Amino acid sequence: MNIGEKIKNIRIAQGLTQEEVAQRCELTKGFISQVERDIASPSITSFIDILDALGISPSDFFEDREEKKVFKDEDFFEFVEEKKGYRINWLVPNSQKNLMEPTLLEVEPDGTTEIINPYDGEEFGFVLEGKLELVIGDEVYKVNKGDSFYFKAKESHFLKNPGKELLKVLWISSPPSF
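Analysis parameters
Residues numbered from 1 in each chain as written. Predicted model: local features only at pLDDT ≥ 70, side-chain atom pairs only at ≥ 80, totals over all residues. Heavy atoms only, no water. Helix = DSSP H or I, 4+ residues; strand = E, 2+ residues; numbered from the N terminus. Rg over C-alpha atoms; globule rule 2.2 N^0.38 Å. Buried < 20%, exposed > 50% of the residue type's maximum accessible area, 1.4 Å probe, protein only. Contact = heavy atoms within 4.5 Å. Areas by Shrake-Rupley, 256 points an atom, 1.4 Å probe, with all protein chains shown as cover. Lys, Arg positive; Asp, Glu negative; His and termini not counted. Charge placed at Lys NZ, Arg CZ, Asp CG, Glu CD. Polar contact = N/O pair within 3.5 Å; in protein donor to acceptor, adjacent residues only side chain to side chain. Salt bridge = Lys/Arg side-chain N within 4 Å of Asp/Glu carboxyl O.

Trainee: Pulling in residues and values, what's your account of the overall build of the protein?
Mentor: If you tally the helices and strands in the protein, you get five helices and nine strands. Counting helices and strands in the order they occur from the N terminus, the protein gives α-α-α-α-α-β-β-β-β-β-β-β-β-β. Taken against the 2.2 N^0.38 rule, which gives 16 Å for 178 residues, the C-alpha radius of gyration of the protein at 23 Å runs more than 25% over that of a compact globule. Across its three principal axes, the protein shows a C-alpha extent of roughly 70 × 35 × 25 Å. The buried share among the 178 residues of the protein stands at 38%. Restricting to contacts in the protein with at least 6 residues of sequence separation, those with at least 24 account for 60%. Working note: accessible area of the protein is about 11,000 Å², and carbon and sulfur atoms make up 50% of it. In the protein, 22 side chains carry a positive charge and 34 a negative one; their mean positions are 3 Å apart.

This is the structure we're talking about:
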């Protein structure tokens, strides 16, 4: 494991400068730079101080878990709402921890999704099969197979399948909302 590179990657991901990390752990910017380039090795105390400044525990730092990048059908989580006539498949498990949440939404003929209350986020959808009515506030938009939609979730919204066939929509929320 390249400790210096990992410290640097965590620091950059958090939007911190070397100076900010140095100030938080009472070390010099030059020393932080040397640690990140593996020129200097911090003492255990300095290493723990650097991790504290980054808000990460030693166990999390050294845990070598590979983040999964490809998901199969058996990884999906499915929720079925029979009364309203829709099904949601979460395409990325535990996506609520991510910045976006991709789902495959299926709505039976004359079915509707639950109303999603306004929130500070964005919604994107691509109609794979069928047609839908996208209801945002008091407005109704007709969206057909091959069409997409995108909007800021500042108003209540939901989908309705007015057609006679199953509606399939790739739906992505950011941040996760389902």
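Having put the structure on the table, let's press on.
Trainee: Could you give an account of the environment of Glu-123, with specific residues and numbers?
Mentor: Tracing the chain through its elements places Glu-123 in strand 4 (residues 122–129). For Glu-123, a relative accessible area of 0% corresponds to the buried category. For the pair Glu-123 and Tyr-150, spaced 27 residues apart in the sequence, the C-alpha separation amounts to 5.6 Å. Ignoring any residue separated from it by four or fewer positions in sequence, one finds Glu-123 in contact with Ile-116, Phe-149, Tyr-150, Phe-151, Ala-153, His-157, Trp-171, Ile-172, Ser-173 and Ser-177. Separated by 2.7 Å, the side chains of Glu-123 and Tyr-119 make a polar contact.

Trainee: Let's hear about the pattern of salt bridges: which residues, and what values?
Mentor: The full count for this structure, using the stated rule, is eight salt bridges. Linking Glu-36 and Arg-11 is a salt bridge whose minimum nitrogen-to-oxygen distance equals 2.5 Å. In this pair, Glu-36 is assigned in helix 3 (residues 29–36) and Arg-11 in helix 1 (residues 3–13), connecting sequence segments 25 residues apart. Take Glu-36 and Arg-11: they sit in the same class, and that class is buried. Overlapping salt bridges bring together Glu-78, Arg-87, Glu-106, Glu-129 and Lys-168 as one network.

By themselves, these observations are geometric and do not establish any function.
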